[in-house]
Amino acid sequence: IGKKMLEKHLENIGHRLTDKTLNFLMEEYDVFDCKPEELYFKVGCGAIIIEGLENKLRKYYGINREAYFVDSKTNEKQKYVLASCCTPILGESVVGFKGVDGTITVHTRTCSSANNLAAKFGDKIVTVKWDMDLNSGSQYLARISLKGTDRIGMMNDITRVTSQVMNINIRRINLGAEDGIFDGFIDLYVNDMQNLENLIKKLQKINGVESVSRKDL
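Computed from a predicted structure; not experimentally measured.

(A) Looking closely at the pairing of strand E3 (residues 94-98). Here E3 lies mainly inside the structure; four of its five residues are buried. Bridge count for E3 against strand E4 (residues 104-108) is five bridges, and the pairing is antiparallel. Within E4, the position partnered with Val95 by the bridge is His107. Between E3 and E4, which pair antiparallel in sequence order, lie five residues; one of them, Gly102, sits at a positive phi of approximately 90°. The sheet contact formed by E3 and strand E5 (residues 125-126) spans two bridges and is antiparallel. Looking at E5, one finds that Gly96 is bridged to Val126.

Right, dumping it as structure tokens:
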């Protein structure tokens, strides 16, 4: 029961019960025996209150989780929460969902969690669109997956195009090579979808790079 309660609450605020999130919750709520069952039990019996969990997770992940949107019904400009399960990027097609506490969380339209929420809580859907002006200058975390034929200087070329040519800040690189083939991912901060798409196009032109695509964080 506690696990289902936790999963549902996380889904409502745009998160998933990943190993990373689970480890954080066990540490945050002093569950030290490394068994998530104890955490689930405490949530189920009410010993752990999970209200306000979004603020804790926001600080833990250290990522800007809010952006400005225009409510299509009222035409009012509001700051809403960006779902961490799909990490929407400025300019991407999105949809909002109103949680039980009134918080509106914005997902990409292709997000599996958003599709599940739409199927269960269709009346909670909020139609929103990005406020391009108010969000101008903000940065959004994205992950790209790369694969290709390894060679000397490949890593240098990838980082040069990303950092110097595109002036994009790299947060993390995880690339490895075996039997002449390299693959992995890069986490980086982009200004908007156009910025990300331009980067992908330039990386695809590097000699030896076979595929570049966006990947879920």
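Back to the text.
(B) How the structure looks around the nonpolar core. In terms of nonpolar packing, the biggest core is built from 34 residues, with Phe69, Ile144, Leu146, Ile158, Leu188, Leu196 and Leu203 touching the most fellow members. Top element by residues in this core is helix H7 (residues 193-204). It accounts for five residues. Discounting residues that sit within four places of it in the chain, Phe69 has contacts with Glu76, Lys77, Gln78, Tyr80, Leu82, Val94, Val106, Val128, Lys129, Trp130 and Asp131. Of all hydrophobic cores here, the second largest spans 14 residues; its members include Met26, Tyr29, Val31 and Ile48.

(C) Representation of the environment of Leu6. Among the secondary structure elements, Leu6 is positioned in helix H1 (residues 2-12). With a relative accessible area of 1%, Leu6 lands in the buried category. Spatially, the C-alpha atoms of Leu6 and Tyr40 are 7.6 Å apart, while their sequence positions differ by 34 residues. Among residues more than four places away in sequence, those in contact with Leu6 are Leu17, Leu25, Leu39, Tyr40, Ile50 and Leu53.

(D) Layout of helix H5 (residues 112-120). Within H5, burial applies to Ser113, Ala114 and Leu117. Angularly, the buried residues of H5 cover 100° about the axis, an arc narrow enough to put them on a single face. Residues of H5 that are buried make contact with H1, E3 and E4.

(E) Quick peek at the pattern of salt bridges. Within the structure shown, the criterion is met by five salt bridges. Where Glu38 meets Lys42, a salt bridge forms, and the shortest distance between an N and an O atom there is 3.1 Å. Here Lys42 and Glu38 lie together in helix H3 (residues 36-45), a separation of four residues that amounts to about one turn. For Glu38, a relative accessible area of 26% puts it in the partly exposed group.

(F) Inspection of unusual backbone geometry at higher detail. For Asn75, which is not glycine, the phi dihedral falls at a positive 65°. Position of Asn75 among the secondary structure elements: in the loop between strand E1 (66-71) and strand E2 (77-82). Even without being a glycine, Asp179 presents a positive backbone phi close to 55°. Among the structural elements, Asp179 can be located in the loop between strand E8 (169-178) and strand E9 (181-190).

(G) Up close: the sheet that holds E8. What the four strands build is an open sheet, ordered E8-E9-E7-E10; its pairing is antiparallel. With partners counted over all chains shown, the strands left at the sheet margins are E8 and strand E10 (209-215), one partner each. This sheet shows a mean twist of 15° between the axes of neighbouring strands, independent of strand direction. Bridging between strand E7 (residues 140-149) and E10 involves six bridges; their strand directions are antiparallel. By the bridge assignment, Ile144 is partnered in E10 with Arg214. Here helix H6 (residues 154-165) sits on the sheet and contacts E7, E8, E9 and E10; the angle it forms with E8, its principal contact strand, is near 160°. Helix-sheet contacts for H7 involve E7, E9 and E10, and the interaxial angle to E10 is about 160°.

(H) Spotlight on the packing of aromatic side chains. Enumeration over the complete set of coordinates arrives at three aromatic pairs. Their ring planes at 85° and their centres at 5.9 Å tell us that Trp130 and Tyr140 sit as a pair that is edge-to-face. Separated by 10 residues along the polypeptide, Trp130 in strand E6 (residues 128-130) and Tyr140 in strand E7 bring together distant segments of the chain. The exposure classification of Trp130 matches that of Tyr140, with both residues buried. An aromatic cluster is defined as three or more aromatic residues linked by ring pairs; in this entry it consists of Phe69, Tyr80, Trp130 and Tyr140. The ring of Phe185 has Arg143 sitting right over it, with the charged end atom 3.9 Å from the ring centre.

Cut-off values and rules
- Residues numbered from 1 in each chain as written.
- Predicted model: local features only at pLDDT ≥ 70, side-chain atom pairs only at ≥ 80, totals over all residues.
- Heavy atoms only, no water.
- Buried < 20%, exposed > 50% of the residue type's maximum accessible area, 1.4 Å probe, protein only.
- Helix = DSSP H or I, 4+ residues; strand = E, 2+ residues; numbered from the N terminus.
- Pairing = 2+ DSSP bridges.
- Core = buried A, V, L, I, M, F, W, Y, C linked by side-chain atoms within 4.5 Å.
- Contact = heavy atoms within 4.5 Å.
- Arc of directions from axis to C-beta.
- Salt bridge = Lys/Arg side-chain N within 4 Å of Asp/Glu carboxyl O.
- Axes fitted to C-alpha atoms, helices over the stretch in contact; angles between N-to-C directions.
- Phe/Tyr/Trp six-rings, centres within 6.5 Å; stacked < 30°, edge-to-face > 60°.
- Lys NZ or Arg CZ within 6 Å of the ring centre and 35° of its normal.

Note that all results are geometric; they support no functional claim without further evidence.
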